[in-house]
Each structure stands twice: as C-alpha cells, then as structure tokens.
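# Report on the structure
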Amino acid sequence: MRNWDSSFMNLSPMFEPFLYLRKDISNLQRWPEHNELNKLCSVPNQRIYTRSGKSICFIPQVVGKHRHEQNYELKIYLTGQVQTRANNWHDFFNALVWKIFPRAKSALNQLHYQAQLSELSVEVVNRCALRDAATLFDESGVIIISSDELLIQLIKDFEWKELFWCQRTVLLSSMRFFVFGHGMYEKALNPYIGMTGKAIIFEVKKDFFLQDLLSQLNSADLMLEQFLLCALSSSADLTPIPLLGYPEWDADNCHESYYENKKYFRECRKSR
C-alpha cells in the first residue's frame, strides 16, 4: 500500500490507539507535509521532548549522508530532530507513535544514545544486546495490559488456543493489546498470517479498564517508560505474540480451527 489513504484506520482494529486522532487525519487529503506532522504531534502546552530536553521536530531525511542509521538516534537525542521520509507509511507511523507514546519513545531514544556512546568509546562495530532489543521493540513492539494473572501465564506458556479461544470472554474484559512498533503498524495495512509482535507485559488492577482509551494509553506509556529505563536488557525480555490471534483482529479467528495452525501459533520450545 503506497498511496495515501486517510481512512487507513478502518483496515484493522490494530490501529485503535490512533482513533482519537481520526478527525485530524481524515482531514488530510494527501500525504502530510513535515509541518503538518509537527502540528499533529503537538498541542498547546503539551509538546513532545527527548530525555535531553529537546523538543521533537520532524524534518526531511538528509539524503547522501554516511552512517545515517548510526547518526539517526544520536541526532534525535541531541537536537530533537527526527529525520522523516516523505510519502512513507513507515515513517508516518513512527511520528504517530511519538504522539501516542512520547515517554516510551524518548526512553528508547536515550537507550540508543547511551549505548552508542559506550560502543564508540571502545570501538565496537556491532550493536550491543540492549540496542538490538530497543530496535526490535521500536519496530515490532506490543504492549500487553492484563488484570488476570492466568491470562499472562498462558502467554508465557505459549498456550495460544487456551488464551485466545477458550478464555476469549475473559480476555476481552481483562486484557488489551496496544501495538507500539511502527513497523508493525505498517504491516497492519495488509495483515497476514505470520505477523508476530514482541511484547512487554504489564499486570494491572481491574479498574485500569474503566478508564477511557486516552487515559489507558497514557498509563501504558508511563509503565513502559519505566520498564525500558530500568529493566530492558536484551531481546530475551520480549515475548513473541501472534497478533492476529487477538479476537476480531482477523475476521477468520472467530472459528476454533483458526488456532490449530501450529506454524503460526507455535508451541513453546522445550529446553534440552
């Protein structure tokens, strides 16, 4: 899907975190310019900042510069400037995630910055385990919120059919998935069997689900920020999640047989 479509949120329930932006986005009849992205991602008295105190600003990507990947996070941390490709879903969703989860995005950026400084000081060529995990979550991350300890354990045990089918009613009232990774949002434009997110799971009290959507997103952002800064160390801290198993995230998952696809709903690997 290359062309602009202001009604993209209708393509999948995975776009739920963007719903309160629907009116602003539906008014865009073409790909948003960088100034429009900056306007969309800021409101009076509520700007987005890096953890170095710089105001986030989306700018055109600098073409022809060497070491773009290495400099990308450094530049964000030091200047607040996020290089963003025009007419590009991947980068568009990255900007929206900055809007929805500003604290967590700032925390990820600081992790990259600090890790890169350490790597440069000892002339390490490859990314460290922490940066690998930060990149993986930034692209494919999912926030899972649940007030039910049993459901959380089913995820850890890879008991997908029990989770998504047998406990379906409980799941819908006691567990929510919020997509975080902008790469995963791009895939949601054309969902396919095989879509697998990398999750961080939070257990909450039942009253969490009495909040409106925006309040839930703000709470999730705060919890995720603290986890990223204090607990994330490697990709082993991320749990694989077959996203299309979540009820109604695929029209076909209303049938029990849907969850018998072992190539997608994989069993937990046994330790030797």
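In case you missed it, the structure is sitting above this.
Residues numbered from 1 in each chain as written. Predicted model: local features only at pLDDT ≥ 70, side-chain atom pairs only at ≥ 80, totals over all residues. Heavy atoms only, no water.

## Things to note about the overall build of the chain
Each helix and strand counted, the chain has 11 helices and six strands in total. In summary, the chain has a C-alpha radius of gyration of 19 Å against a globular reference of 19 Å for 272 residues, a match within 12%. Seen through its principal axes, the chain has C-alpha atoms that stretch 50 × 50 × 35 Å. Split into buried and exposed, the 272 residues of the chain put 47% on the buried side. Restricting the contact set of the chain to residue pairs at least 6 apart, pairs at least 24 apart contribute 73%. (Helix = DSSP H or I, 4+ residues; strand = E, 2+ residues; numbered from the N terminus. Rg over C-alpha atoms; globule rule 2.2 N^0.38 Å. Buried < 20%, exposed > 50% of the residue type's maximum accessible area, 1.4 Å probe, protein only. Contact = heavy atoms within 4.5 Å.)

## Examining empty space enclosed by the protein
Summed over all chains, the structure comprises one cavity of 30 Å³ or more. Volume-wise, the largest cavity comes out at about 60 Å³. Contributing to the lining of the largest cavity are Trp31, Pro32, His34, Leu37, Thr84, Arg85, Ala86, Asn87, Asn88 and Phe92. (1 Å grid on protein atoms, 1.4 Å probe; cavity = no way out; pocket = protein on both sides within 12 Å on 5 of 7 lines; lining within 4 Å. Points joined across faces, edges and corners; volume = space filled by probe spheres on them.)

## Quick notes on unusual backbone geometry
A positive phi angle, close to 55°, is found at Asn87, a residue other than glycine. Residue position: Asn87 is located in the loop between strand S2 (81-84) and helix H4 (89-100). Classification of Asn87 as exposed rests on a relative accessible area of 52%. Phi is positive for Phe158, close to 60°, though the residue is something other than glycine.

## Remarks on the environment of Gln114
With respect to the helices and strands, Gln114 occurs in helix H5 (residues 102-121). A relative accessible area of 41% places Gln114 in the partly exposed class.

## Describing the pattern of salt bridges
Opposite charge on two side chains permits them to pair, given that their charged atoms come into close proximity. Throughout the structure, instances matching the rule amount to nine salt bridges. Sharing partners across several salt bridges, the network here consists of Lys161, Glu256 and Glu260. (Salt bridge = Lys/Arg side-chain N within 4 Å of Asp/Glu carboxyl O.)

## Quick word on the nonpolar core
Counting residues in hydrophobic clusters, the biggest one holds 79 residues, and the most contacted among them are Phe8, Phe92, Phe93, Phe101, Ile143, Phe177 and Leu243. When residues in this core are grouped by element, the largest group, eight residues, is from H4. Among all residues touching Phe177, those that are not within four sequence positions of it are Val142, Ile143, Ile144, Phe164, Ile241, Leu243, Tyr246 and Trp249. (Core = buried A, V, L, I, M, F, W, Y, C linked by side-chain atoms within 4.5 Å.)

## Focus on the layout of surface pockets
Taken as a whole, the largest pocket holds about 470 Å³ of empty space. Lining the largest pocket are 26 residues, with Tyr72, Glu73, Asp138, Glu139 and His182 positioned closest to its centre. For the lining of the largest pocket, the elements supplying multiple residues, two or more each, are helix H3 (68-79), S2, H4, H5 and helix H6 (129-140).

## Let's talk about the packing of aromatic side chains
Within the structure shown, the criterion is met by 36 aromatic pairs. The rings of Phe158, Trp160, Phe164, Trp165, Phe177, Tyr246, Trp249, Tyr258, Tyr259, Tyr264 and Phe265 are connected pair by pair, giving a single aromatic cluster. (Phe/Tyr/Trp six-rings, centres within 6.5 Å; stacked < 30°, edge-to-face > 60°.)

## Quick word on the pairing of strand S5 (residues 196-203)
Here six bridges tie strand S3 (residues 141-146) to S5, and the two strands are oriented parallel to one another. What sits directly across from Ile143, in S5, is Ile200. (Pairing = 2+ DSSP bridges.)

## As for the environment of Gly141
For Gly141, the position within the fold is in strand S3. Along the chain, Gly141 and Asp252 lie 111 residues apart, while their C-alpha atoms are 23 Å from each other. Contacts of Gly141, omitting those with residues within four sequence positions, involve Leu136, Val179, Phe180, Gly181 and Lys198.

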